[in-house]
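Here is what each chain is made of, one letter per residue.
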Amino acid sequence: MTPTSEPTRTILVADDQEGQRVLIDMLLSLEGYRLVAVEDGREALAWLKENTPDLVVLDVNMPYVDGIDVCRRMKGVSRLAEVPVVVLTAMRDEGTEQAVRAAGADVMVRKPLEGKDFRKQVSRLLSRREDGDDADGA
């Protein structure tokens with residue numbers, strides 16, 4: 001990386017469906033983001049113990065630890081509390097939406113993903129975080 005180039009944003013993606021991880025990788029790598037993909041919530045939590053991403057994308061339904069619980073646990077860790085979280089779900093019920101909000105997710109995106117809208121959401125959240133970094137007391 002040259003001194004004039006922008007640092008690459010790192011996005012953690014946790015989804016138990018390989019096809020979904022591949023799709024997200026295709027959509028976001030086009031934007032120049034570095035993706036770290038894991039298969040379940042347990043792997044996501046293990047990765048988050050040692051790393052601080054710029055954004056996290058979590059599927060709601062995953063083995064071992066679901067995306068809502070991963071989000072809730074993240075928001076309880078001071079260095080991860082301000083990391084934006086996008087939660088993906090195919091579910092349409094109000095209970096899931098309430099649980100996602102209560103866990104502290106920034107955005108809930110319905111599956112199947114609409115590529116352009118998904119990229120916009122991610123870009124907006126990263127821009128918002130970047131603008132707020134100056135006020136970060138950590």
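Up top you'll find the structure we're talking about.
Residues numbered from 1 in each chain as written. Predicted model: local features only at pLDDT ≥ 70, side-chain atom pairs only at ≥ 80, totals over all residues. Heavy atoms only, no water.

Caption draft 1: Examining unusual backbone geometry more closely. Cis geometry is found at the peptide bond from lysine 111 to proline 112, where omega equals 0 degrees. Within the chain, tyrosine 64 stands out as a residue other than glycine whose phi angle is a positive 70 degrees. Residue placement: tyrosine 64 occurs in the loop between strand E3 (55-59) and helix H3 (67-75). (Helix = DSSP H or I, 4+ residues; strand = E, 2+ residues; numbered from the N terminus.)

Caption draft 2: Representation of the environment of valine 60. One can find valine 60 in the loop between E3 and H3. Of the residues examined, valine 60 reaches a relative accessible area of 4% and is grouped as buried. As for valine 60 and alanine 90, which are separated by 30 residues in sequence, their C-alpha atoms are 8.5 Å apart. Ignoring anything within four residues of it in the chain, the contact list for valine 60 reads Asp66, Gly67, Ile68, Val87, Leu88, Thr89, Met91, Thr96 and Val100. (Buried < 20%, exposed > 50% of the residue type's maximum accessible area, 1.4 Å probe, protein only. Contact = heavy atoms within 4.5 Å.)

Caption draft 3: A look at the pattern of salt bridges. Considering all chains together, one arrives at twelve salt bridges under this definition. Residues glutamate 39 and arginine 21 are paired through a salt bridge, measuring 3.9 Å at the closest nitrogen-oxygen approach. Placement of glutamate 39 in the loop between strand E2 (34-38) and helix H2 (41-50) and of arginine 21 in helix H1 (residues 18-29) is noted, with a sequence separation of 18 residues between them. Classification of glutamate 39 by relative accessible area gives partly exposed; the value is 45%. Residue classification places arginine 21 among the buried residues on the basis of a relative accessible area of 13%. Arginine 128 serves as the salt-bridge partner of aspartate 106, at 2.6 Å between the closest nitrogen and oxygen. Taken together, the residues span a long stretch of sequence, with aspartate 106 in the loop between helix H4 (94-103) and strand E5 (107-110) and arginine 128 in helix H5 (residues 115-132) at a distance of 22 residues. Residues participating in the shared-partner salt-bridge network are Arg9, Asp54 and Arg129. (Salt bridge = Lys/Arg side-chain N within 4 Å of Asp/Glu carboxyl O.)

Caption draft 4: Summary view of the sheet that holds E3. Strand order in the open sheet formed by five strands is E2-E1-E3-E4-E5, and the pairing between neighbours is parallel. The two strands at the open ends of the sheet, each matched to only one other strand, are E2 and E5. Put simply, the sheet's adjacent strands are angled 20 degrees from each other on average, direction ignored. Two elements, E3 and strand E4 (residues 85-89), share four bridges in a ladder whose sense is parallel. Counted as the bridge partner of valine 57 is valine 86 from E4. The strands that H2 touches are strand E1 (10-14), E2 and E3; relative to E1, the one it contacts most, it runs at about 155 degrees. Against the sheet, H3 contacts E3 and E4, and its axis sits at roughly 150 degrees relative to E3. (Pairing = 2+ DSSP bridges. Axes fitted to C-alpha atoms, helices over the stretch in contact; angles between N-to-C directions.)

Caption draft 5: Region of the structure containing the environment of proline 53. Topologically, proline 53 is positioned in the loop between H2 and E3. The spatial distance from the C-alpha of proline 53 to the C-alpha of threonine 10 is 5.2 Å, given a sequence separation of 43 residues. In contact with proline 53, not counting residues within four places along its chain, are Thr10, Leu12, Trp47, Leu48, Leu80, Val83 and Arg129.

Caption draft 6: Examining H3 more closely. Among the residues making up H3, those that are buried are Gly67, Ile68, Val70, Cys71 and Met74. Seen from one end, H3 has its buried residues packed into an arc of 160 degrees, which puts them on one side. A side-chain oxygen of the first residue of H3 lies 3.0 Å from the backbone nitrogen of isoleucine 68; this N-cap is aspartate 66. (Arc of directions from axis to C-beta. Polar contact = N/O pair within 3.5 Å; in protein donor to acceptor, adjacent residues only side chain to side chain.)

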